[in-house]
Amino acid sequence: MTIRVLLRRLLLALVGAAAIYLGAQWTVLRAEPRSNVQVIAHRGGLGQAPEGTMTAFRSAIEAGADWIEFDVRLTSDGVPVVMHDATVERTTSARGAVADLTLQELRRLDAGDGNPIPTLEGVLALGVDAGVGLLPEAKEGHLYPGLVEAMIEVITAAGARHVTVVQSFDADTLERFRALAPDLRLCALYGTFRFDLTRPPADAEFVCPMAEMVLINPAMIRAAHGDGRTVFVWFGPTDSEPAY
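Residues numbered from 1 in each chain as written. Predicted model: local features only at pLDDT ≥ 70, side-chain atom pairs only at ≥ 80, totals over all residues. Heavy atoms only, no water.

Asker: Would you explain helix 2 (residues 54-62) in this entry?
Answerer: Because each turn of an α-helix spans 3.6 residues, side chains separated by three or four positions end up pointing in the same direction. Along helix 2, the positions that sit buried rather than exposed are M54, A56, F57, S59, A60 and I61. Structurally, helix 2 contributes buried residues whose contacts are with strand 1 (40-42), strand 2 (67-74), strand 3 (80-82) and helix 4 (120-130). Backbone geometry just after helix 2 places G64 at a positive phi near 100 degrees. (Buried < 20%, exposed > 50% of the residue type's maximum accessible area, 1.4 Å probe, protein only. Helix = DSSP H or I, 4+ residues; strand = E, 2+ residues; numbered from the N terminus. Contact = heavy atoms within 4.5 Å.)

Asker: What is the right way to look at the packing of helix 4 against helix 5 (residues 147-157) in this model?
Answerer: In a pair of packed helices, the angle between the axes and the distance between the axes together describe the arrangement. Across the interface, helix 4 lies against helix 5 with an axial gap of 10 Å and an inter-helix angle of 35 degrees. In the crossing of helix 4 with helix 5, the sense of the turn from one axis to the other is right-handed. Contact residues: helix 4 offers L120, E121 and L124, while helix 5 offers M151, V154 and I155. For the contact of helix 4 with helix 5, the class distribution of residues is five nonpolar, no polar and one charged. (Axes fitted to C-alpha atoms, helices over the stretch in contact; angles between N-to-C directions. Left-handed = near helix turned anticlockwise from the far one by under 90°. Nonpolar A, V, L, I, M, F, W, Y, C, P; charged D, E, K, R; others polar.)

Asker: Whenever I open this one, the packing of aromatic side chains confuses me. Can you help?
Answerer: Two numbers describe a pair of aromatic rings. These are the distance of the centres and the angle of the planes. Within this structure, the stated rule accounts for five aromatic pairs. Aromatic side chains F57 and F70 sit 5.7 Å apart centroid to centroid with 65 degrees between the ring planes, which places their arrangement in the edge-to-face category. Of this pair, F57 sits in helix 2 while F70 is found in strand 2, placing the two residues 13 residues apart along the sequence. The exposure class assigned to F57 is buried, which follows from its relative accessible area of 0%. Plain terms: the ring middles of W67 and F232 are 5.5 Å apart, the flat faces sit at 70 degrees to each other, and that makes the pair edge-to-face. Of this pair, W67 sits in strand 2 while F232 sits in the segment after strand 8 (230-231); the two residues are 165 residues apart in sequence, bridging distant segments of the chain. Here W67 matches F232 in class, with each residue buried. Members of the aromatic cluster, joined through ring pairs, are W67, F206 and F232. (Phe/Tyr/Trp six-rings, centres within 6.5 Å; stacked < 30°, edge-to-face > 60°.)

Asker: Just to check I follow, could you spell out the pairing of strand 4 (residues 133-138) for this structure?
Answerer: Successive residues of a regular strand alternate their side chains across the two faces of the sheet. Counting buried residues in strand 4 gives six out of six residues, a clear majority hidden from the surface. As judged from the six bridges shared by strand 2 and strand 4, these two strands associate in the parallel manner. In the sheet register, F70 faces strand 4, and the bridge partner there is P136. (Pairing = 2+ DSSP bridges.)

Asker: Got a minute to help me understand the environment of I221 in this structure?
Answerer: Within the secondary structure, I221 is located in helix 8 (residues 219-226). We classify I221 as buried; its relative accessible area is 18%. Residues I221 and D196, 25 residues apart in the sequence, show an inter-C-alpha distance of 9.4 Å.

And the structure:
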């Protein structure tokens, strides 16, 4: 038997085993949906407008999204703004870190098609007015002292607590939100090779695992539902630079 034949048989065996495993998992765990599927617009209406802009969010709302998802960072003068990356290079023609720029400096930049970088306040106002859910992600809290406090203040002033679920990958950030605003709903985000959704930080009401991990271990969804938590998912390949 040649090495090529051996490798081919091994590959077929692995594929077969994976198919049997996943088939058994989904057969055993399959159940009727507990509610209607919720559509989340990741960074707004990607493909229709530049990511994370007011145009993108309006596009997503017009398309019928149930939630608009976006990332929040803090300017050097302490204003929460909507920006996925820590720097502005990818989405604008300028350079520099968000944490090193003032709101005025950031607002002068073109985030695509003449759109300025939005503030958290502006996106919340749009969402509240449209009646959609809001999923702001607090990005890298250790880089932005005061981010949690600033987000709570803006969310409260906008009257948006009832439609907002704050997300973070960082346990300390979620715990700080819980300590300062106990009634604010939270979502714990999980990445690669994270399969246990029980006991999320800050006892988060929502959990959001990576969809690829759910395909490997769908039982985690039932376990989270059993704990009374709502489950969102995010897909790794789609969390890259958009094609717009």
